[in-house]
Amino acid sequence: MAIATEKSPAHHEEHADLRVLGLITFLISESLMFGGFFATYLFYRGTTQTWPPEGTEVELLLPTINTIILVSSSFVIHFGDSAIKKNDVQGMRKWYRITAIMGVIFLLGQVYEYLTLGYGLSTNLFSNCFYLMTGFHGLHVFIGVLLILGVLWRSRRPGHYNEHKHTGIEMAEIYWHFVDIIWIILFTLLYILTKF
């Protein structure tokens, strides 16, 4: 992953953009939180005889569709980043709008799943882990959608983003890829491995 650089006007030398390094540091700390969730889930799964407990089975169809939408959105947002590097602000806006729509569809799918599961947060240990992990991830998707909308809002000003000035766009993309990677791990743990 390339870290954005800026040229210092006074010295004409390149240095790492500290905003991007700050984002990466933040995402590392978020990874540790998700890692704690994953470790706790795997511990309980390994020490519980029946997992998931009876009455808390998960379905695969909707989450699989949701996964395809979210993972595809990583490619879509990258098209937007590629467009701005060619100074195509309209292209960037188009791809970022599509990504935001895909994120909202993912969240609506998750809400629908919650409403139709038939068990709640406090039903048992599995359901507690399930809702906490997917809900925490859903919060990150929601924040990602807000970041994308923020980029779109700021792009209305002429010259705000161009082929030389696009750190905000890159940061939104990095965050979105992080959200997608975390979901792939969650989907594997909570849905795929639960079926085996």
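- Within an unreviewed UniProt entry, the label attached to the chain reads Oxidase aa(3) subunit 3, and the organism entered is Plectonema cf. radiosum LEGE 06105.
- Its UniProt record, at the heading Subcellular location (unreviewed entry), says of the chain: "Cell membrane".
- Per UniProt, the chain carries the Sequence similarities (unreviewed entry) text "Belongs to the cytochrome c oxidase subunit 3 family."

## Looking at the overall build of the chain
Here's step 1: Regarding its fold elements, the chain presents five helices and two strands.
Here's step 2: The order of α-helices and β-strands along the chain, N terminus first, is β-β-α-α-α-α-α.
Here's step 3: For the chain, the spread of C-alpha atoms along the principal axes amounts to about 65 × 30 × 25 Å.
Here's step 4: A buried classification covers 43% of the 196 residues belonging to the chain.
Here's step 5: Relative to all contacts within the chain whose residues are 6 or more apart in sequence, the contacts with residues 24 or more apart total 74%.
Here's step 6: Carbon and sulfur atoms provide 68% of the accessible area of the chain, an area that totals close to 10800 Å².
Here's step 7: Computed over 13 positive and 15 negative side-chain charges, the separation of the two mean positions in the chain equals 9 Å.

## Considering the confidence of the model for the chain
Here's step 1: Taken as a whole, the chain shows an average pLDDT of 91; of its residues, 92% reach a score of 70 or greater.
Here's step 2: In this model, residues 6-12 is a region of pLDDT below 50 whose contacts with residues beyond four sequence positions or in other chains number 10 contacts.

## Overview of the environment of lysine 165
Here's step 1: Relative to the helices and strands, lysine 165 resides in the loop between helix 4 (125-154) and helix 5 (167-192).
Here's step 2: When sequence neighbours within four positions are dropped, the list of residues in contact with lysine 165 reads Gly159 and His160.
Here's step 3: Here the side chain of lysine 165 touches histidine 160 through a polar contact of 3.5 Å, landing on its backbone oxygen.

## Remarks on helix 1 (residues 18-47)
Here's step 1: Between its terminal C-alpha atoms helix 1 stretches 43 Å, which fits the 44 Å expected from 30 residues at 1.5 Å a residue.
Here's step 2: Along helix 1, the residues that are buried comprise Val20, Leu23, Leu27, Glu30, Phe34, Phe38 and Tyr41.
Here's step 3: Here the buried face of helix 1 lies against helix 4 and helix 5.

## Examining the side chain of serine 74
Here's step 1: Checked against the element boundaries, serine 74 lands in helix 2 (residues 61-84).
Here's step 2: Classification of serine 74 as buried rests on a relative accessible area of 12%.
Here's step 3: For serine 74, the contacting residues outside a window of four places in its chain are Trp176, His177 and Asp180.

## Brief notes about the packing of aromatic side chains
Here's step 1: Taken as a whole, this structure holds 20 aromatic pairs when the rule is applied.
Here's step 2: Between phenylalanine 37 and phenylalanine 136, the ring centres sit 5.5 Å apart and the planes meet at 65°, which makes this aromatic pair edge-to-face. Here phenylalanine 37 is found in helix 1, whereas its partner phenylalanine 136 is found in helix 4, with 99 residues between them in sequence.
Here's step 3: Accessibility expressed as a relative area gives 26% for phenylalanine 37, which makes it partly exposed.
Here's step 4: Centroid distance tryptophan 51 to phenylalanine 126: 5.6 Å. Interplanar angle 85°. Geometry classified as edge-to-face. Note that tryptophan 51 is positioned in the loop between helix 1 and helix 2 and phenylalanine 126 in helix 4, a separation of 75 residues in sequence. No difference in accessibility class separates tryptophan 51 from phenylalanine 126, as the two residues are buried.
Here's step 5: Members of the aromatic cluster, connected to one another through ring pairs, are Tyr41, Trp51, Phe106, Tyr114, Tyr119, Phe126, Phe130, Tyr131, Trp183, Phe187 and Tyr191.
Here's step 6: The cationic tip of arginine 156 hangs over the ring face of tryptophan 153; the distance from NZ or CZ to the ring centre is 3.6 Å.

What counts and how
- Residues numbered from 1 in each chain as written.
- Predicted model: local features only at pLDDT ≥ 70, side-chain atom pairs only at ≥ 80, totals over all residues.
- Heavy atoms only, no water.
- UniProt positions renumbered as here; feature names shortened; annotations may be inferred.
- Helix = DSSP H or I, 4+ residues; strand = E, 2+ residues; numbered from the N terminus.
- Buried < 20%, exposed > 50% of the residue type's maximum accessible area, 1.4 Å probe, protein only.
- Contact = heavy atoms within 4.5 Å.
- Areas by Shrake-Rupley, 256 points an atom, 1.4 Å probe, with all protein chains shown as cover.
- Lys, Arg positive; Asp, Glu negative; His and termini not counted.
- Charge placed at Lys NZ, Arg CZ, Asp CG, Glu CD.
- pLDDT = per-residue confidence, 0-100.
- Polar contact = N/O pair within 3.5 Å; in protein donor to acceptor, adjacent residues only side chain to side chain.
- Expected span 1.5 Å × (residues − 1).
- Phe/Tyr/Trp six-rings, centres within 6.5 Å; stacked < 30°, edge-to-face > 60°.
- Lys NZ or Arg CZ within 6 Å of the ring centre and 35° of its normal.

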